[in-house]
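The chain contents come next:
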Amino acid sequence: MPIFTPSTGIFDDPHVLSEEYVPENILGRSHELQEYKNALQPIMDGQPTKSILLYGKTGVGKTVSTKYLLSHLKADVKEYRDMELTTVWVLCENVNTSYQLAASIINSLRGPENHIRPTGYPAEDMYQMMYRELDALGGHVVIVLDEVDNLQADDKLLYELPRARANGRIENVRVTVIGISNDLKFKDNLRQKVKSSLAQQELLFPPYDANQLREILYARADEAFQDDVLTDGVIPLCAAFAAQDIGDARQALMLLREAGNIAKKKDAAEVTEQHVQRARDELEQDLITTSVSKLTTQGKLVLASTLSLHLGDETPARNKDVYSRYKQYASLADAEPVSQRRLRDHLGDLSMQTLLDERTRNTGRQEGRFKEYSVAIDAQAAVTHLQTDGRMEQVVADLENRL
Ligand SMILES: Nc1ncnc2c1ncn2[C@@H]1O[C@H](COP(=O)(O)OP(=O)(O)OP(=O)(O)O)[C@@H](O)[C@H]1O
Ligand SMILES: [Mg+2]
């Protein structure tokens, strides 16, 4: 008797629902793709091409659309023109300085045996090496800086790279920079001269609505699942949950995959709406666990302060209200309190991570516009996760008294 037999049921090819899978077609983005295509067209025509800043919230198809268009552009340029087109993709997740960026660009143009170590060179040497390397390519180079917001603090190359040819740093090659960011405020926070260099053209990808998400999910489900295992309500429900949230296709795909996994674990013959509900609860728990555990002590204190107001029915709360509770909690945790201004950044970060909800209120002339925060996650679960940090012991005790 074998111990292992091939799994059966539910999935045909679950990989189709994974993050790495690049779909053949991009759905629900025809207007955005048309604009994006127009922005890239001069490359095909051998013309100088303006830099592009592409922004939009998480999971709205920025990365996948860029990959899709650039792979077509490469193939089509090869077909129609006698021109070298090179694409360089830098995921700036761990690239925080212009120096590291130059090293990443150099290394992505070299074979692994010739990689340089991104330390130890004088900065200017590193930049020169990069420009030489680019110039040697000739033709056109498209440099994609995905998650470019990581470079905000050290923006030298964000300014210089798009205008490298105009400034005489390269002669034989045209460079087009595409910056991608999911931080909608990224552009506003750039210095004016960097903005006018990096964002000569801007493209905004809006969140998906439920119809678009359904379309995306149906196409993937067709390949990912066996025939007839999805009951009718499953995809509309995944799409509705994700649309209600932030309109994120990644979240919608994750829900669908998790619902399939749950059905499979239970040896069910079909995936049902209940499986989607369960998947949603589980994903929410995972999100809380990872986001809360990754917070700094200050981030945890700000979350705890807002939670405390929430438990006293005092939310949505303004920055200044959170701040007075925060100071008490900082003292309980023996931490140096940050300024009220810095607290605002923490509140913004927590909202970006969807642990808090942020909304802007406009009260007319007297108080003007201000932001209010409320807690977006289950309070009990959040307190449980805060408990794992020893420094938060007394804060957690206070929160538990309020639960
Ligand atoms: N229009 C679409 N058609 C098909 N699949 C899509 C579409 N949009 C997004 N996806 C899928 O959803 C997931 C998230 O998309 P993508 O990685 O492009 O998001 P993003 O906008 O780059 O988000 P982030 O800002 O978090 O990096 C990917 O698995 C992608 O394949
Ligand atoms: Mg992306």
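A brief report on the enclosed structure follows.

Examining the nonpolar core
Reasoning step 1: Ranked by size, the top nonpolar core spans 54 residues in total, and within it Tyr-36, Leu-40, Ile-178, Leu-217, Phe-225, Leu-256 and Val-276 carry the most contacts.
Reasoning step 2: In terms of residue count, the dominant contributor to this core is helix α10 (residues 249-265) (eight residues).
Reasoning step 3: In terms of domain composition, this core takes at least three residues from each of domain 1 (30-204) and domain 2 (209-290).
Reasoning step 4: In contact with Leu-256, other than residues within four places in its own chain, are Leu-17, Leu-217, Ala-221, Phe-225, Leu-230, Val-234, Ile-235 and Cys-238.

Some thoughts on the packing of helix α12 (residues 297-311) against helix α14 (residues 340-352)
Reasoning step 1: Packing of α12 against α14 leaves a shortest axis separation of 10 Å and a crossing angle of 80°. One finds that α12 runs roughly perpendicular with respect to α14. Mapping the contact onto sequence places Gln-298, Gly-299, Val-302, Leu-303 and Thr-306 in α12 and Leu-343, His-346, Leu-347 and Leu-350 in α14.
Reasoning step 2: Looking at the contact of α12 with α14, its residues break down into five nonpolar, four polar and no charged.

Focus on the environment of Leu-69
Reasoning step 1: Mapped onto the elements of the fold, Leu-69 is located in helix α2 (residues 62-80).
Reasoning step 2: A relative accessible area of 12% means that Leu-69 is categorised as buried.
Reasoning step 3: Measuring from C-alpha to C-alpha, the distance between Leu-69 and Lys-37 comes to 7.2 Å, with 32 residues separating the pair along the chain.
Reasoning step 4: Aside from chain neighbours lying at most four places away, what touches Leu-69 is Leu-33, Tyr-36, Lys-37 and Leu-40.

Comments concerning the sheet that holds strand β8 (residues 369-375)
Reasoning step 1: Here three strands make up an open sheet; going across it, the order is β6-β8-β7 and the pairing antiparallel. Single-partner strands in this sheet number two, and they are β6 (317-318) and β7 (356-362).
Reasoning step 2: Alignment of β6 against β8, held across two bridges, turns out to be antiparallel. Across the sheet, the residue bridging to Arg-318 is Glu-372, located in β8.
Reasoning step 3: On top of the sheet, α12 reaches β6, β7 and β8; it is set at about 80° to β8, its chief contact.
Reasoning step 4: Along the sheet, α14 makes contact with β7 and β8, crossing β7 at roughly 120°.

A few points about the pattern of salt bridges
As a working rule, side chains carrying opposite charge can pair if their charged atoms are close by.
Reasoning step 1: All chains considered together, the criterion is met by 16 salt bridges.
Reasoning step 2: Residue Glu-124 pairs with Arg-169 through a salt bridge whose shortest N-O separation is 2.7 Å. With Glu-124 in helix α4 (residues 123-137) and Arg-169 in the loop between α5 (156-160) and β4 (173-181), this residue pair connects regions lying 45 residues apart in the sequence.
Reasoning step 3: One network of salt bridges, with partners in common, ties together Glu-124, Lys-156, Glu-160 and Arg-169.

What counts as what
- Residues numbered from 1 in each chain as written.
- Chains lettered and ligands numbered in written order.
- Predicted model: local features only at pLDDT ≥ 70, side-chain atom pairs only at ≥ 80, totals over all residues.
- Heavy atoms only, no water.
- Core = buried A, V, L, I, M, F, W, Y, C linked by side-chain atoms within 4.5 Å.
- Buried < 20%, exposed > 50% of the residue type's maximum accessible area, 1.4 Å probe, protein only.
- Helix = DSSP H or I, 4+ residues; strand = E, 2+ residues; numbered from the N terminus.
- Domains from an automatic or database assignment.
- Contact = heavy atoms within 4.5 Å.
- Axes fitted to C-alpha atoms, helices over the stretch in contact; angles between N-to-C directions.
- Parallel < 35°, antiparallel > 145°, perpendicular 65-115°, else oblique.
- Nonpolar A, V, L, I, M, F, W, Y, C, P; charged D, E, K, R; others polar.
- Pairing = 2+ DSSP bridges.
- Salt bridge = Lys/Arg side-chain N within 4 Å of Asp/Glu carboxyl O.

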